[in-house]
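One-letter residues, chain by chain:
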Amino acid sequence: RGDKDLAMTLGPGRWTAAEQMTMCGQCHRLPEFVPAGQRVPENTVLRRFQSVGLMLSKCYTSSRGALSCVTCHDPHARVTGNAATYNAACVQCHHKPPQATCRVEDTDCIKCHMPTREAGVNLFFADHWIRRNRE
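So, here's what we can say about the structure. Note that the structure is a prediction, hence the values are computed from the model and not measured.

### Some remarks on the overall build of the chain
Part 1: Helix and strand counts for the chain come out as six helices and two strands.
Part 2: Sequence-ordered secondary structure for the chain, helices as α and strands as β, is α-α-α-α-α-α-β-β.
Part 3: Counting all 135 residues of the chain, 29% fall into the buried class.
Part 4: Here the chain has roughly 9400 Å² of accessible surface; of this, 55% comes from carbon and sulfur atoms.

The following block contains the structure:
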């Protein structure tokens, strides 16, 4: 909306992760607002709706209600180009079996598991449907 400060008022201690996701979904959609047959990774439209992708990812479904948008970042703040910031969030969960880290020796989890993808003509978003990508 042009606001200079879009810092979220969400976070640990204020809302549960499920409440946060429901709130985010009011603007960014929820999976139940997408027909079941369209909830597939190949649906490029879903790339625009980060909460849908996140809620369909195994990271979210396996988190037992702990993962939300603010687990990794302030969704309304400027995106940082610092991969270490996001990798640290990944490693919070993926540090021991059965949530072991990726076998690929890389320091940029996001590059492989949440790559930037086109969601329309010259419109790019990080794909929040966290998964092993076959590309």
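### Quick look at the pairing of strand β2 (residues 123–126)
It is a general feature of regular strands that their side chains alternate between the two faces of the sheet.
Part 1: Sheet topology places strand β1 (residues 116–120) next to β2; four bridges connect them, and they run antiparallel. Following the sheet pairing, threonine 116 is matched in β2 by alanine 126.
Part 2: Counting the residues in the hairpin turn of β1 and β2 gives two residues, including asparagine 122, whose phi is positive at 55°.

### Focus: the nonpolar core
Part 1: Among the nonpolar cores identified, the biggest contains twelve residues, and these are Met21, Cys24, Leu30, Leu54, Met55, Tyr60, Leu67, Cys69, Tyr86, Ile110, Met114 and Ile130.
Part 2: Mapped by element, the contributors of at least two residues to this core are α1 (17–28) and α2 (50–56).
Part 3: Leave out the neighbours within four places in its chain, and cysteine 69 touches Met21, Cys24, Leu54 and Pro75.
Part 4: Ranked by size, the runner-up nonpolar core spans five residues in total, among them Val34, Leu46, Phe49 and Val52.

### Thoughts on helix α5 (residues 83–93)
Part 1: Among all positions of α5, only Tyr86, Asn87 and Ala89 are buried. For α5, the angular spread of buried residues about the axis comes to 155°, placing them on one side.
Part 2: The secondary structure elements touched by the buried residues of α5 are α4 (69–72) and α6 (109–113).
Part 3: Here α5 starts with a cap whose side-chain oxygen sits 3.0 Å from the backbone nitrogen of alanine 84, and that cap is asparagine 82.

### Describing the layout of surface pockets
Part 1: By volume, the second largest pocket amounts to about 880 Å³.
Part 2: Surrounding the second largest pocket, 31 residues form its lining, Gln50, His73, Pro75, Val79 and His128 being those nearest its centre.
Part 3: For the lining of the second largest pocket, the elements supplying multiple residues, two or more each, are α1, α2, α4, α6 and β2.
Part 4: Here the element with the most residues in the lining of the second largest pocket is α1; it accounts for five residues.
Part 5: Residue composition of the lining of the second largest pocket, by class: 19 nonpolar, ten polar and two charged.

So, how was this worked out
- Residues numbered from 1 in each chain as written.
- Predicted model: local features only at pLDDT ≥ 70, side-chain atom pairs only at ≥ 80, totals over all residues.
- Heavy atoms only, no water.
- Helix = DSSP H or I, 4+ residues; strand = E, 2+ residues; numbered from the N terminus.
- Buried < 20%, exposed > 50% of the residue type's maximum accessible area, 1.4 Å probe, protein only.
- Areas by Shrake-Rupley, 256 points an atom, 1.4 Å probe, with all protein chains shown as cover.
- Pairing = 2+ DSSP bridges.
- Core = buried A, V, L, I, M, F, W, Y, C linked by side-chain atoms within 4.5 Å.
- Contact = heavy atoms within 4.5 Å.
- Arc of directions from axis to C-beta.
- Polar contact = N/O pair within 3.5 Å; in protein donor to acceptor, adjacent residues only side chain to side chain.
- 1 Å grid on protein atoms, 1.4 Å probe; cavity = no way out; pocket = protein on both sides within 12 Å on 5 of 7 lines; lining within 4 Å.
- Points joined across faces, edges and corners; volume = space filled by probe spheres on them.
- Nonpolar A, V, L, I, M, F, W, Y, C, P; charged D, E, K, R; others polar.

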